[in-house]
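Below are the chains, spelled out letter by letter.
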Amino acid sequence: MTLENAKDQFVKNTLKKMQTCISNGNYTIDKRHKNFDYLFRLNMTIADQEAIMLQLSVKDFRSYEEDRDEPGSEWYWKFKTRYCQNTFYIKFKIIEVGEDFIFIKSLHIDGE
């Protein structure tokens, strides 16, 4: 297995965990204004936010980074994807304590 294939498999495994959590309602979105402002402007719903997360694929992966506020904790995963004619920036981490849980730090139109 090449390094690139191993990275892709790691991203796929992360996406599968994240999407299972979203489907089961095991997630929260940071209450920052920009994570919700676009909902009102674009007449979108929480179901649209879930759809954005559930459609993510390996091709949408951008990078991952350590949580600067909590060094040594879970890493943040960053993605960009198109949805309803907009590009969205998504940043989340998987918190693995008992049942997996997703903390979505950013879910907004890219560049806002």
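Here the structure is a predicted model, which is why all the values come from computation and not from measurement. (Residues numbered from 1 in each chain as written. Predicted model: local features only at pLDDT ≥ 70, side-chain atom pairs only at ≥ 80, totals over all residues. Heavy atoms only, no water.)

**Q** Could you give an account of the confidence of the model for the protein, naming the residues involved and the relevant values?
**A** Looking at the protein, pLDDT values average 91 and 98% of them are 70 or higher. Across the protein, element-level confidence peaks in strand S3 (residues 76–83) with a mean pLDDT of 97 and bottoms out in helix H2 (residues 34–41) with 89. (pLDDT = per-residue confidence, 0-100. Helix = DSSP H or I, 4+ residues; strand = E, 2+ residues; numbered from the N terminus.)

**Q** Requested: an account of the pattern of salt bridges, with residues and values cited.
**A** Following the criterion strictly, the structure yields ten salt bridges and no others. The residue Glu96 makes a salt bridge to Lys17 at a minimum N-O spacing of 2.4 Å. Of this pair, Glu96 sits in strand S4 (residues 86–97) while Lys17 sits in helix H1 (residues 3–23), and the two are 79 residues apart along the sequence. Accessibility expressed as a relative area gives 45% for Glu96, which makes it partly exposed. With its nearest N and O atoms 3.7 Å apart, the salt bridge here joins Arg68 to Glu65. Given a relative accessible area of 66%, Arg68 falls into the exposed group. (Salt bridge = Lys/Arg side-chain N within 4 Å of Asp/Glu carboxyl O. Buried < 20%, exposed > 50% of the residue type's maximum accessible area, 1.4 Å probe, protein only.)

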